[in-house]
Amino acid sequence: SQQGEEDPQALSIQEGENATMNCSYKTSINNLQWYRQNSGRGLVHLILIRSNEREKHSGRLRVTLDTSKKSSSLLITASRAADTASYFCATDGPSSNTGKLIFGQGTTLQVKP
Amino acid sequence: DVKVTQSSRYLVKRTGEKVFLECVQDMDHENMFWYRQDPGLGLRLIYFSYDVKMKEKGDIPEGYSVSREKKERFSLILESASTNQTSMYLCASSGAEGSREKLFFGSGTQLSVL
């Protein structure tokens, strides 16, 4: 079962531009996380936002969460070629005591130099 | 530095073979997970374990089994490999003090079943 769905599936921008990716989910959550995956590698955790938070920042990353709409967005500002990767949102669902996460299908970001 | 190590980066097996994928973490995490990743389908949870000798089915457990005899090691077993099990397999762990929800991933094993 896919909890998160991401939009767009693919995004291509020029270096220096901002990139925005969106994630929608279906059930109630305790937190939502964003991960990054370089081609053919494992995923790396970027940022976690809790259900009682609306916005969070980490360096060039800004995440928002709207629990009434069951949606989140990830903004990468002043993108760099090194930001080229796939980005996934993940939610814990209503039962989070085991740490189980459900991932979206991801957004593939290409940043052109 | 935290580490989740998967035993093989690439693996080629024949249909019907028994396949073992090994995963070791050095962070003393309670929780360990096996996902498979396929184009267009994202990551899907196969099995997870929240303690030694404990296991829970994920969303797609059919054709797989797991073993967790020690806290640091979580093995995924394909009892009789089939071509539809060709995929990228990702192991992850969680349970870090102060950040229990965050998953740490291994680099993945690209399995091809011929």
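Residues numbered from 1 in each chain as written. Chains lettered and ligands numbered in written order. Predicted model: local features only at pLDDT ≥ 70, side-chain atom pairs only at ≥ 80, totals over all residues. Heavy atoms only, no water.

Chemist: Teacher, can you tell me more about the overall build of chain A here?
Modeler: The helix and strand tally for chain A stands at zero helices and 11 strands. Beginning at the N terminus, the succession of helices and strands in chain A can be written as β-β-β-β-β-β-β-β-β-β-β. Seen along its three principal axes, the alpha-carbon backbone of chain A occupies a region of about 40 × 30 × 20 Å. Scored against the burial criterion, the 113 residues of chain A give a buried share of 47%. For chain A, the share of sequence-separated contacts (at least 6 apart) that also reach a separation of at least 24 residues comes to 56%. Accessible surface, chain A as shown: approximately 5,300 Å² in total, 45% of it carbon and sulfur. The positive charge centre, built from 13 side chains, and the negative charge centre, built from 10, are 4 Å apart in chain A. (Helix = DSSP H or I, 4+ residues; strand = E, 2+ residues; numbered from the N terminus. Buried < 20%, exposed > 50% of the residue type's maximum accessible area, 1.4 Å probe, protein only. Contact = heavy atoms within 4.5 Å. Areas by Shrake-Rupley, 256 points an atom, 1.4 Å probe, with all protein chains shown as cover. Lys, Arg positive; Asp, Glu negative; His and termini not counted. Charge placed at Lys NZ, Arg CZ, Asp CG, Glu CD.)

Chemist: What's the story with the interface of chain A and chain B in this structure? I'm lost.
Modeler: Where the parts come together, the accessible area they lose is often given as the size of the interface. Facing 21 residues of chain A, the contacting portion of chain B comprises 22 residues. With both chains or domains summed, chain A and chain B bury close to 1,800 Å², and 50% of this area falls on carbon and sulfur atoms. Taken together, the connections running from chain A to chain B amount to one salt bridge. Residues R50 of chain A and E101 of chain B are paired through a salt bridge, measuring 2.8 Å at the closest nitrogen-oxygen approach. At the junction of chain A with chain B, the criterion picks out seven residue pairs in polar contact (both at pLDDT 80 or more). At the level of secondary structure, the elements contributing two or more residues to the side of chain A that touches chain B comprise β4 (31-37) and β5 (43-50) of chain A. Tallied by class, the residues present in the side of chain A that touches chain B amount to six nonpolar, 12 polar and three charged. (Buried area = accessible area lost by both parts, 1.4 Å probe. Salt bridge = Lys/Arg side-chain N within 4 Å of Asp/Glu carboxyl O. Polar contact = N/O pair within 3.5 Å; in protein donor to acceptor, adjacent residues only side chain to side chain. Nonpolar A, V, L, I, M, F, W, Y, C, P; charged D, E, K, R; others polar.)

Chemist: Looking at this structure, how should I read the sheet that holds strand β1 (residues 5-7) of chain A?
Modeler: Strands pair in a sheet through their backbones, by hydrogen bonds, and they do so in one of two ways: parallel or antiparallel. Residues and elements named next belong to chain A. One open sheet holds the five strands; their spatial order is β1-β3-β8-β7-β6, and the pairing between them is antiparallel. Two strands in the sheet have a free side with no partner beyond their single neighbour: β1 and β6 (55-58). Across the sheet, the mean angle separating the axes of adjacent strands is 20° when strand polarity is ignored. Of the pairings in the sheet, the one linking β6 to strand β7 (residues 61-66) comprises four bridges and is antiparallel in character. Paired with H57 across the strands is R62, a residue of β7. (Pairing = 2+ DSSP bridges. Axes fitted to C-alpha atoms, helices over the stretch in contact; angles between N-to-C directions.)

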